[in-house]
Every structure is written in C-alpha cells, then in structure tokens.
Amino acid sequence: MDTEAMSPTPPAPFRSRALATEAVHAGRDDLASLGLHAAPIDLSTTYPSYDSRGEAARIDAFATTGARPDGPPVYARLDNPTTARFETALARLEGTASAVAFASGMAALTAVLLARASLGLRHVVAVRPLYGCSDHLLGAGLLGTEVTWTDPAGIADAIRPDTGLVMVETPANPTLAEIDIRAVAHSCGSVPLLVDNTFATPVLQRPVEHGARIVLHSATKYLGGHGDVMGGVVACDEEFAATLRQVRFATGGVLHPMAGYLLLRGLSTLPVRIRAASASAAELARRLSADPRVARVHYPEVGGAMVSFEVFGDPHRIISDVRLITPAVSLGSVDTLIQHPASISHRIVAEGDRRAAGVGERLLRMSVGLEDVEDLWADLCQALSAEAAAPARSSAAAQVPRTRPSAAERTGSGGR
C-alpha cells in the first residue's frame, strides 16, 4: 500500500465536535477517502527512496525544525504513519496542537526532562505524591536534573532562573489528592507546567484549558484500556513537540506501530469506559466509606475509576484474599485491579517521603473496571471479612506452608 496515502492528513475545517465524537473519529478522518474503514498498520522499519538528495534535504529539515517530514516516511525511528494517527487523535482529545508518543510513560517523561535540560534548565519543581518511578527519576538525578519538592502554595517561591519545569499529578497516584491546576499554572509564571493526566484522562479534565502547557499520559493505562499495550504520550504545543521528536529520534524511545494501532483503537471507547467504570468506582467509594472495617477512603471530586482506601487491619491479607478482583500492578484495564502502593508502585520512594506524601502502610489502591458493581462489592466484602477474622485463626494454621509468596514478600518498583 502507498505509504504516503497512509499518513493521516489534516481534516477539512469542521465545527467543534463533542469529545465522544472526537474519540471515535480523530486520527481517522481520511479513512473513507482512502477506501478504508479500520485504520491501517504500517510495520515497516525503513522506506525505499530513489531520491537521495531529497532524502538528505528532508533529514536536514527535521534536524533543524523537528517538524514531521513531508511525504513518505524515511525511517521508523523518525516517524510512523500509524503512530502519527494516535498522536493526532490524542492531541485533539486534549485540545493541544500536537502530541508525541513514546515507548512508555517513563520514556515520555524522560524526553520532556531531556528537552528542557538541553536548554540548560535542569531544575524541576514538583509536588508529591507522583507516580513512584516519576518521583525516583526526578529525585535520583539520573538525567542530571535537580528537584525541589514543595506543596502547591510554595511553587512560586521554589522557582529559580534555571527551573525548566513544574510537575504535578492530579488526581495523584496513589492518594488521589487533587490540585487546582489553574492556580498552580498562575504560580508557574513563564515556567511550563506539566500535568500528569493519566488518572483523569481528557474525559474528566483537560489541563491545557486551565493553564497547563504540557500534558503527560502513561498510555498503558486508560488510553489503551485493556492491559495489553505499553506506551506514553505528551500533548503540547507544536514548538515543544518538535523538540520532543528530535529527542525521540536521538534516544530511540519510539512507540511500536502495533502499540500505536491499539492505542488509537482504545481511544474510540475511552469515554464510554471511563464513565462506566467511574460510576462503579463512586458507588464502591460510597460503600467503603460506610464500612467499619475501613479507616479512610480517597475518591477525587473530578471522579474517575480509581479508589484508594486505608484499612484498620492487614492490607496484605486483603490482597491475598480477593478472588474476582486481580491483585496486580498497573491500572486502567477493563478488569478491576488492586495493589499495595507501599510495596509496589511507590516502593522505590524512600519510606519517609512516602509517608509524608500520604502513602502509608495500610493504603490500598484499586483501579475499578467494567465488572458488575455488586460482584465487585461482594468480593471486597469477603476479603475484608477474611482479614477481620484473621486474628482468630489458629497459630497452627499460620504455619501451613504457602504455595506462593505473600503480597508483603512480593515487593518491587514496577508499574503504576
């Protein structure tokens, strides 16, 4: 198939469309004119060209501007038509001029930090909690960055001449704490505000409408939505996107075309999935709040499919006793997942910093899926009841060898 024809072209001007409509059609506007219904997948790593002078000119142009090359693709690390469709669609959903996709959410954040550092702006101001690996990447100085941790009220005072970025996550992982994006953006002045919008998605909030200049997603989560694809994406203006493309080309953190296809497909059902899962999550949060076995429930005002709650008893027993809910890292899938952040997603953050950010040892985080809410509640109830009855278990029973390690023993610093 003609690769030039496969590249998405800007649609003709149209009236503003609802987000649900954009989710279905953005990035696919040219398909009917190509005689196609489903978006094609371009798996090529390289592309033939008999005009080497023309190729040289296009590569020079990319090196100078970072703009997506005109005409057929040159090399998959530089650009890919399938991935470009996903980028176009996500930018439309977030209300930005451009978006740049990467192999993972962490690859996307790495590119942002490198892009700002290339200008000598290595200082970052950040608000905890953030996803554990984001926290680690900033704090460990692996990219030569320096971070100042502060609360939202202290952002303006923390900014220095070499500050290249202010970063927040709202709702935050895993406490679901929320930040007033507009107020924070005002505090940033001329420094770009990056908002990690992974939990809310553009269905529930569009940070650029409140003053953010950069929006980050771990696309592995809700954008993909089925637990079978990994990716990351940054939505921003075209000037910054051009720099990100150059960083991506140089570092190689590219999104695979098959992942780009799956993410584009995932966007088409994003509004339906988010609203359905959010309704169940809100109901579970209500029931957990009234349960005497639960000490505290966290659920954001913006809504969403994430619920965090603190228990009076042993959270590890609840992890081991769920039967329908999947005890696993990550979030945003069609099935409900539960995990213990202090043991997994935020294990890499120093214990004192975890606790100060509200990530205590009794906190559990649940990503609510599309199952029937009554089935989910029944599973939570039996797990909570089993934990409450644990002290009555005989000491002999406690000595029975386990066939698999407990959640407390399965610690690490993996996915969200």
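Note on numbering: residues in each chain are counted from 1, in written sequence order. Under the rules for a predicted model, residues below a pLDDT of 70 receive no local features and side-chain atom pairs below 80 are neither given nor counted, while totals for whole chains, interfaces and linings still include all residues. The basis for every side-chain value is the complete set of heavy atoms in the structure, and neither hydrogens nor water enter the calculation.

Once that is clear, we can look at the overall build of the protein. Starting at the N terminus, helices and strands are each numbered in turn, a helix being any DSSP run of H or I of at least four residues and a strand any DSSP run of E of at least two. Broken down by element type, the protein carries 15 helices and 12 strands. A compact globule built from 416 residues would reach a C-alpha radius of gyration of about 22 Å, and the protein, at 23 Å, matches this within 12%. Seen through its C-alpha atoms, the protein measures out along the principal axes to roughly 80 × 50 × 45 Å. Between buried and exposed lies partly exposed: a residue is buried under 20% and exposed over 50% of the maximum accessible area for its type, with that area taken using a 1.4 Å probe on protein chains only. Counting over 416 residues, the protein shows a buried share of 53%. Expressed as a percentage of contacts within the protein between residues at least 6 apart in sequence, the contacts between residues at least 24 apart total 72%. Summing over all exposed atoms, the protein offers an accessible surface of approximately 17,600 Å²; the carbon and sulfur share of this is 55%. This radius of gyration counts C-alpha atoms alone. The globule rule is 2.2 Å times how many residues there are, raised to the power 0.38. Note on contacts: a residue pair is in contact if any heavy atoms of the two residues lie within 4.5 Å. We get accessible surface area from the Shrake-Rupley algorithm with a probe of 1.4 Å; when it comes to residues, only the shown protein chains can shield them.

Here is a general trend for soluble globular proteins: nonpolar side chains tend to be buried in one another's company. Take the buried Ala, Val, Leu, Ile, Met, Phe, Trp, Tyr and Cys residues and link them wherever side-chain atoms come within 4.5 Å; each set so joined is a nonpolar core. Counting residues in hydrophobic clusters, the biggest one holds 35 residues, and the most contacted among them are Phe 86, Leu 90, Tyr 222, Leu 223, Val 233, Leu 267 and Leu 270. Elements with a contribution of two residues or more to this core: helix H2 (19-25), helix H4 (81-94), strand E1 (98-102), strand E7 (232-236) and helix H11 (257-289). Ignoring any residue separated from it by four or fewer positions in sequence, one finds Val 233 in contact with Phe 86, Leu 90, Ala 99, Val 100, Ala 101, Ala 108, Val 215, Leu 216, His 217 and Leu 223. With 25 residues, the next largest nonpolar core counts Leu 113, Leu 130, Ile 214 and Leu 244 among its residues.

Turning our eyes to something else, we now look at the pairing of strand E6 (residues 214-218). When you tally the buried positions in E6, you get five out of five residues, the bulk of the element. Of the two faces of E6, the one carrying Ile 214, Leu 216 and Ser 218 and the one carrying Val 215 and His 217 are both buried. Two elements, strand E5 (residues 193-196) and E6, share three bridges in a ladder whose sense is parallel. Along E6, the bridge assignment pairs Asp 196 with Leu 216. Here a strand pair is declared whenever DSSP counts at least two bridges between the two strands.

We now examine the pattern of salt bridges. Salt bridge criterion: a side-chain nitrogen from Lys or Arg within 4 Å of a carboxyl oxygen from Asp or Glu. Under the criterion given, the structure shown has 21 salt bridges. Between Asp 30 and Arg 85 there is a salt bridge, and its shortest N-O distance comes to 2.8 Å. Of the two residues, Asp 30 sits in the loop between H2 and helix H3 (52-65) while Arg 85 sits in helix H4, which places them 55 residues apart along the sequence. For the pair shown, Asp 30 and Arg 85 are each scored as buried. If you follow the salt bridges from partner to partner, you end up with Arg 17, Glu 22, Asp 29 and Arg 92 in one network.

To continue, consider unusual backbone geometry. For the bond from Thr 170 to Pro 171, the omega torsion is -10°, close enough to zero to count as cis. Relative to the helices and strands, Pro 171 resides in the loop between strand E4 (163-169) and helix H8 (181-188). A cis amide bond, omega 5°, links Asn 173 with the succeeding residue Pro 174. Along the chain, Pro 174 falls in the loop between E4 and H8.

Taken together, five strands build an open sheet; the order of strands is E8-E9-E12-E11-E10 and the sheet is mixed. Lying at the two open borders of the sheet, with one neighbouring strand each, are strand E8 (294-298) and strand E10 (326-327). Both strand E9 (residues 306-311) and strand E12 (residues 363-367) contribute to a ladder of five bridges, which runs antiparallel. Note that in E12 the partner of Glu 310 across the bridge is Leu 363. Between the N-to-C directions of two axes lies an angle of 0 to 180 degrees, each axis being a line fitted to C-alpha atoms and, for a helix, fitted only over the stretch in contact. Relative to the sheet, H11 contacts E8, E9 and E12, its axis offset from that of E9 by approximately 15°.

The next thing to look at is the sheet that holds E5. Whenever strands of a sheet pair, they do so through backbone hydrogen bonds, lying parallel or antiparallel. An order of E1-E7-E6-E5-E4-E2-E3 is seen for the seven strands of this open sheet, with the pairing classed as mixed. Of all strands in the sheet, those with a lone pairing partner are E1 and strand E3 (146-149), marking the two edges. Geometrically, the sheet is characterised by an average inter-axis angle of 20° between neighbouring strands, direction not taken into account. Of the strand pairs in this sheet, E1 and E7 are connected by five bridges, and their pairing is antiparallel. Bridging from a neighbouring strand, Ser 98 pairs with Cys 236 of E7.

Counting through the fold element by element, Pro 81 comes out in helix H4. With 149 residues separating them in the primary sequence, Pro 81 and Met 230 have C-alpha atoms 18 Å apart.

The geometry of helix H5 (residues 105-117) relative to helix H10 (residues 238-251) is characterised by a closest axis approach of 9 Å and an angle of 110° between their N-to-C directions. Comparing the axis directions of H5 and H10 gives the class roughly perpendicular. On the side of H5, the interface is formed by Ala 111, Val 112, Leu 114, Ala 115 and Arg 116, while H10 contributes Phe 240, Thr 243, Leu 244, Val 247 and Thr 251. Tallied by class, residues from the contact of H5 with H10 come to seven nonpolar, two polar and one charged. Oblique is the label for every angle not falling under 35 degrees (roughly parallel), over 145 degrees (roughly antiparallel), or within 65 to 115 degrees (roughly perpendicular). For this classification, the nonpolar set comprises Ala, Val, Leu, Ile, Met, Phe, Trp, Tyr, Cys and Pro, the charged set comprises Asp, Glu, Lys and Arg, and every other residue, Gly included, is treated as polar.

Before going further, it helps to examine the packing of H4 against H11. Remark: H4 packs on H11, axes separated minimally by 8 Å, with the N-to-C direction vectors making an angle of 35°. You can see that H4 and H11 cross each other, and the crossing is left-handed. Residues Thr 82, Thr 83, Arg 85, Phe 86, Ala 89, Leu 90 and Leu 93 of H4 touch H11, and the partners they reach there are Pro 257, Gly 260, Tyr 261, Leu 263, Leu 264 and Leu 267. Within the contact of H4 with H11, the residues separate by chemical class into nine nonpolar, three polar and one charged. Crossings are assigned a handedness: left-handed for a near helix turned anticlockwise from the far helix by less than a right angle, right-handed for a clockwise turn.

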